Amino acid sequence: MKRPTIALAIFLAATAVPVSAQPRAVQVETQWVFDSDAAHARSTLHAAFQVKIQESFHVNSNAPLEEFLIPTILTVTPPEGFTVLEVVYPDPIMIRPSFAEVDMAVFEQEFVIGVALEVGPDVQPGMYVISGTLDYQACDDTSCRAPTDRELQSTLQVVPKSVPIAKVQSSLFDGIVFLGAGEPAVDLLPTPPLPNGTAPDADCDIIAALEGFTVLAAGGGYRNSTDFIEFIDQAETGTFKANVLEGKGPLVIVLLVILGGIALNLTPCVLPLIPINIAIIGAGARAGSRARGFALGGTYGLAMAIVYGVLGLVVILTATTFGAINNEIWFNVGIGILFVVLGLAMFDVIHIDFSKLQSKFDVSGAAGKGSFALAFGMGVIAALLAGACVAPVVIQVIVYAGDQFANRGNTTALALPFFLGLGMALPWPFAGAGLSILPKPGRWMVRVKYAFGVFILGFAAYYGHQAWGIYDSRRVDAGAVRSAVQERLEGGWTASVCDGLATARAQNKLVLIDMWATWCKACLAMDKKTLKDEAVEARLQDYVKIKFQAQFPEKPPASDVLDRFELPWGLPAYAILRPVADLASSADMASSQPPEN
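Numbering of residues begins from 1 in every chain and follows the order in which that chain's sequence is written. Side-chain atom pairs in this predicted model are given and counted only at pLDDT of 80 or more, local residue features only at pLDDT of at least 70, and totals for whole chains, interfaces and linings cover all residues. Side-chain calculation: all heavy atoms of the structure are included, whereas hydrogens and water are not.

### Describing the overall build of the chain
To keep it simple, the criterion reads: Secondary structure elements are taken from DSSP: a helix is a run of H or I of four residues or more, a strand is a run of E of two residues or more, and numbering for both begins at the N terminus. Only protein chains enter the accessibility calculation, which uses a 1.4 Å probe. A residue is then buried if its area is under 20% of the maximum for its type, exposed if over 50%, and partly exposed in between. For this analysis, residues touch if any pair of their heavy atoms sits within 4.5 Å. All accessibility values rest on the Shrake-Rupley procedure with a 1.4 Å probe; residue burial counts only the protein chains present in the view.
Summing up its helical and strand segments, the chain has 20 helices and 15 strands in all. Within the chain, buried positions represent 46% of all 597 residues. A sequence separation of at least 24 residues applies to 80% of the contacts in the chain between residues at least 6 apart. When the accessible surface of the chain is summed, it comes to about 28,700 Å², and 59% of that surface belongs to carbon and sulfur atoms.

Next up, the structure:
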């Protein structure tokens, strides 16, 4: 069997890693089964809800042994006239994962939840939709994913009393013990309770309450005390900019975007691959002439520009966040492994013959002079790889372009991602032509190759460190997070957004809303270090400070609040607000003075 070429190896490393590595979402299959093929009005109906979890994963039971664990909750939403009488959960299994010091009560692999429904006397014959939500947090033996939910739906037919119904025999009902129609439905919240046992804002429209406030600044991610105080100062003085492109003229913006694209070539995903890519596409000395080398490099760069233009357009028009892949463990591990292979090749530990590779991939018919099709394909791969590595730059451009397009109707902003790719493409035609005049190979090239090997292995270590950091960040002690939040609440913070906003309006004060979750390790660091810092506490002395639990950032009300502040669904997240009435009393917003400390 022939040994794989380096291009095939790179392609497989770049594309096959997600298949063999841990998936982004744990696979969960669900189905409803009713104990009869139809129902009559004024009757009780039983349903079995089956859940199958991806192998090697489990979820916490509906009543976990530790209060900080995320319970598995089935919330059923029946149509009008129907009533949920009870929800029956199976007996949990006791296990002890590697990260736990005590046994945990969990549901594994496959389990069934029973639901008893009462069909009211006024329900008319017809088809009805039974919907609901399964809230859960999937874990394996070493780590846990962020809590999530799964929307559920099934249909049920109600027939007249004169129409007979047939019982459905299913083994799923074996082991489900329903207490009877006279028992009340189990009252379970879809999200865990707050540290003080309350569920604030249950009867309050948070988004409506926020309409009475102006957002001075909103941000996310861990910040130390110095950076957080700077964030507060910028919010109060009106100098905060969520995006570095805000306030710049069109030409300046285009120039900055192009320069940012050029800088992408210096990222660890691209820089170590420059000599490899040049060899693969047949540029440089193998091109035969400077003109052909320039054309091959230009084709390579053009592919980058097209990829960024197309992906940017898709992201903006579909409101999808590009670059999130950079925060996945499998990506960082995959890139680290790829760089180890390439680094070892520089030291001849692994033999990679670029000359054989180039001849095998030459589809232009000009043997030894490079393939334009291969150059274009490698440009596409390089653009995708670099895009994930430099997510901050890419996201800044896309967020700004999306805002200009969606909120200001500026269609020309859609071209900004293309300009980012164009900036990345600019050096490549010159690299393709310039390398053709390099001196003949000699001992100096061996030293350069070894230097590149050290450089590439350094980046492999960097990505290994990144992967470990992401893994470690997901091993958070939820109890410690709750304890830290409770400490803030006892120190004068409030857990109710609506109550806090009402107080701020009555007293004409600025507001800090800090969003957290029990699975957020950075939230714990913010509470233990930044928000506990004496300088930060003094700076926030005259603020109304709110702790908002955004346990499930992708579902309301947390998702609505994050969207209101134009923030991605990551935590920690925070925002500083000012009552609208305070702005109305000021002749000039910029001249308003910050509160005295």
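From this point, the narrative continues.
### Considerations on the state of the cysteines
The cut-off we apply is this: Disulfide: a pair of cysteine sulfur atoms within 2.5 Å of each other.
Tallied over the entire structure, the rule returns 1 disulfide. There is a disulfide in this structure between cysteine 520 and cysteine 523, and the S-S distance comes to 2.2 Å. Across the S-S bond linking cysteine 520 and cysteine 523, the dihedral sits near 85°, which makes this disulfide right-handed. Accessibility classification places cysteine 520 together with cysteine 523 in one group, the buried group.

### A word on helix α17 (residues 521–530)
Among the residues making up α17, those that are buried are Cys523, Leu524, Met526, Asp527 and Thr530. Buried residues belonging to α17 abut α4 (225–237), α15 (478–490), β13 (511–516), α18 (534–539), β14 (544–549) and β15 (573–579).

### Re the pattern of salt bridges
The following threshold applies: The term salt bridge refers to a pairing of a side-chain nitrogen on Lys or Arg with a carboxyl oxygen on Asp or Glu at a separation within 4 Å.
Applying the stated criterion across every chain yields a total of 9 salt bridges. Arginine 539 is the salt-bridge partner of glutamate 236, the closest N and O atoms lying 2.6 Å from each other. Taken together, the residues span a long stretch of sequence, with glutamate 236 in helix α4 and arginine 539 in helix α18 at a distance of 303 residues. The exposure class assigned to glutamate 236 is buried, which follows from its relative accessible area of 3%. Put simply, lysine 547 and aspartate 527 hold a salt bridge, and the shortest N to O gap is 2.5 Å. Residue lysine 547 is found in strand β14, and its partner aspartate 527 is found in helix α17; the two are separated by 20 residues along the sequence. Of the two residues, lysine 547 and aspartate 527, neither departs from the other in class, the shared state being buried.

### Re the pairing of β14
Selection criterion: Strand pairing follows a simple DSSP-based rule, namely that at least 2 bridges must link the two strands.
Burial analysis of β14 places 6 of its 6 residues in the buried class, the great majority of the element. A two-sided burial pattern is seen for β14, the buried positions comprising Val544, Ile546 and Phe548 on one face and Lys545, Lys547 and Gln549 on the other. Relative to β14, β13 runs parallel, the two being bridged by 6 bridges. Pairing of tryptophan 516 across the sheet is with glutamine 549, part of β14.

### Some details on the confidence of the model for the chain
Heads up, the condition is: The predictor's confidence in any single residue is recorded as pLDDT, a number from 0 to 100.
Here the chain averages 74 in pLDDT, and 68% of its residues register 70 or above. Of all secondary-structure elements in the chain, the lowest mean pLDDT belongs to helix α1 (residues 6–15), at 34, while β13 reaches the highest, 95. Scored below 50 in pLDDT, residues 1–23 makes 29 contacts in the model with residues more than four places away or belonging to other chains. Below a pLDDT of 50 lies the segment residues 582–597, which in the model reaches 19 contacts outside its immediate sequence neighbourhood of four places, other chains included.

### Quick word on the packing of α15 against α17
To be explicit about the condition: Between N-to-C directions, angles span 0 to 180 degrees; the directions come from axes that are lines fitted to C-alpha atoms, helices contributing only their stretch in contact. Note on terminology: angles under 35 degrees are roughly parallel, angles over 145 are roughly antiparallel, angles of 65 to 115 are roughly perpendicular, and the others are oblique. For a crossing to be left-handed, the near helix must be turned anticlockwise from the far one by less than a right angle; the clockwise case is right-handed. The residue classification treats Ala, Val, Leu, Ile, Met, Phe, Trp, Tyr, Cys and Pro as nonpolar and Asp, Glu, Lys and Arg as charged. All others, Gly included, are polar.
At a minimum axis distance of 9 Å, the contact between α15 and α17 shows a crossing angle of 40°. In terms of axis orientation, α15 runs oblique to α17. The handedness of the crossing between α15 and α17 is left-handed. Listed contacts from α17 to Ala480, Val481, Ala484, Val485, Glu487 and Arg488 of α15 are Leu524, Asp527 and Lys528. Its residues assigned to classes, the contact of α15 with α17 shows 5 nonpolar, no polar and 4 charged.

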